[in-house]
Amino acid sequence: MWFCDSIIANKEFLTELDREIGDADHGINMARGYTEALGQLPQDSDDIGAVLKKTGMVLISKVGGASGPLYGTAYMKAAKATAGKTTLTVQDGKEIFEVVIGGIKQRGKAERGEKTMLDAIIPAYEAYCAAADAGKSLDECLEAMCEAAKEGVEFTKTIRATKGRASYLGDRSIGHQDPGATSSLLTMEAIRDFCK
Ligand SMILES: Nc1ncnc2c1ncn2[C@@H]1O[C@H](COP(=O)(O)OP(=O)(O)O)[C@@H](O)[C@H]1O
Ligand SMILES: [Mg+2]
């Protein structure tokens, strides 16, 4: 499945980022989860919610570390918002973002600015909404989303981690890009490319 491929292809890269400020397993965790999900996904279903739900269940049950439950929750929330849908509108995208961000915050107790995946996802959401409110097409909204996510990943280099394993490093986490923000960017880029 397209959104799994990019994460699996970037396994080494994500793991190297996690080596710098974590325990060198982010790419391994994510690739394991997505490879398992690929094997279990309904092959002929066009129900978006069903695909996302399966992915979320696999990530929660098979992936250790912080990222498995967090991404798993995100996919489960997105699944609920898309249950039975076979196509998505610009408005659906907003709603998905809202439940995904809510789910990650609830599960991880993090806020923006703590050097986590939220530092890619929240600015991406805001840029997406701004483009949507300006009447842009879905393609344009997704482009704006990815631009902002990329800036968010860059921003994580400038801040200290206060959540997750990287927070043990304190100020020494500054200067490194957050692995989870990076995998979120990759996921959003895969969504954009797929929708094109
Ligand atoms: N409380 C949290 N809220 C949101 N994201 C988090 C939180 N804690 C960690 N993360 C994300 O998880 C990533 C690390 O994932 P991973 O290496 O797979 O798990 P672990 O840190 O348990 O080894 C971090 O780069 C960060 O983006
Ligand atoms: Mg790790």
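Residues numbered from 1 in each chain as written. Chains lettered and ligands numbered in written order. Predicted model: local features only at pLDDT ≥ 70, side-chain atom pairs only at ≥ 80, totals over all residues.

Draft legend 1. Molecular detail of the site of ligand 1. Neighbouring residues of ligand 1: 24 residues in total, closest Gly-65, Gly-108, Thr-116, Gly-164 and Gly-180. Elements with a contribution of two residues or more to the shell around ligand 1: α3 (26–40), α5 (67–82), α6 (90–108) and α9 (179–195). Along the lines of polarity and charge, the residues of the shell around ligand 1 split into 8 nonpolar, 9 polar and 7 charged. (Near = placed C-beta within 6 Å. Helix = DSSP H or I, 4+ residues; strand = E, 2+ residues; numbered from the N terminus. Nonpolar A, V, L, I, M, F, W, Y, C, P; charged D, E, K, R; others polar.)

Draft legend 2. Quick look at the packing of helix α2 (residues 11–21) against α3. At their nearest, the axes of α2 and α3 sit 6 Å apart, and the two run at 145° to each other. The residues of α3 that touch α2, namely those facing Lys-11, Glu-12, Phe-13, Leu-14, Thr-15, Leu-17 and Asp-18, are His-26, Gly-27, Ile-28, Met-30 and Ala-31. Its residues assigned to classes, the contact of α2 with α3 shows 6 nonpolar, 3 polar and 3 charged. (Axes fitted to C-alpha atoms, helices over the stretch in contact; angles between N-to-C directions. Contact = placed C-beta atoms within 7 Å.)

Draft legend 3. Examining the nonpolar core more closely. In terms of nonpolar packing, the biggest core is built from 51 residues, with Ala-78, Ala-120, Ala-124, Tyr-128, Met-145 and Ala-149 touching the most fellow members. With 10 residues, helix α7 (residues 118–133) is the largest single contributor of residues to this core. Among residues more than four places away in sequence, those in contact with Ala-78 are Leu-52, Ile-96, Val-99 and Val-100. (Core = buried A, V, L, I, M, F, W, Y, C linked by C-beta atoms within 7 Å. Buried ≥ 20, exposed ≤ 12 C-beta atoms within 10 Å, placed from the backbone.)

Draft legend 4. View of α9. Across its 17 residues, α9 extends 24 Å between first and last C-alpha, which sits within 8% of the 24 Å expected from 1.5 Å per residue. Against the buried residues of α9 lie α1 (2–9), α2, α3, α5, α7 and α8 (138–156). (Expected span 1.5 Å × (residues − 1).)

Draft legend 5. Representation of the environment of Ala-79. For Ala-79, the position within the fold is in helix α5. Considering only alpha carbons, one finds Ala-79 and Cys-129, 50 residues apart in sequence, at a separation of 20 Å.

Draft legend 6. Region of interest: the environment of Thr-15. Tracing the backbone shows Thr-15 in helix α2. Excluding its chain neighbours within four sequence positions, the residues that come into contact with Thr-15 are Ala-24, Asp-25, His-26, Gly-27 and Ile-28.

Draft legend 7. How the structure looks around helix α4 (residues 48–62). A rise of 1.5 Å per residue sets the reference length of α4, with its 15 residues, at 21 Å; its end C-alpha atoms lie 21 Å apart and thus fit the reference within 8%. The set of residues buried in α4 consists of Ile-48, Val-51, Leu-52, Thr-55, Gly-56, Val-58 and Leu-59. Along the long axis of α4, the arc covered by the buried residues comes to 165°, so they all point the same way. Where α4 is buried, its residues contact α3 and α5. (Arc of directions from axis to C-beta.)

Draft legend 8. Just the environment of Gly-64, in detail. Relative to the assigned elements, Gly-64 resides in the loop between α4 and α5. Expressed as a C-alpha distance, the spacing of Gly-64 and His-26, which sit 38 residues apart in the sequence, is 9.6 Å.

Draft legend 9. Spatial organisation of unusual backbone geometry. Phi at Ala-24 takes a positive value of approximately 55°, unusual for a residue other than glycine. By the element assignment, Ala-24 lies in the loop between α2 and α3. Phi is positive for Lys-115, which is not a glycine, with a value near 65°. For Lys-115, a count of 28 C-beta atoms within 10 Å translates into the label buried.

Spatial relationships are all this shows, so hold off on functional conclusions.
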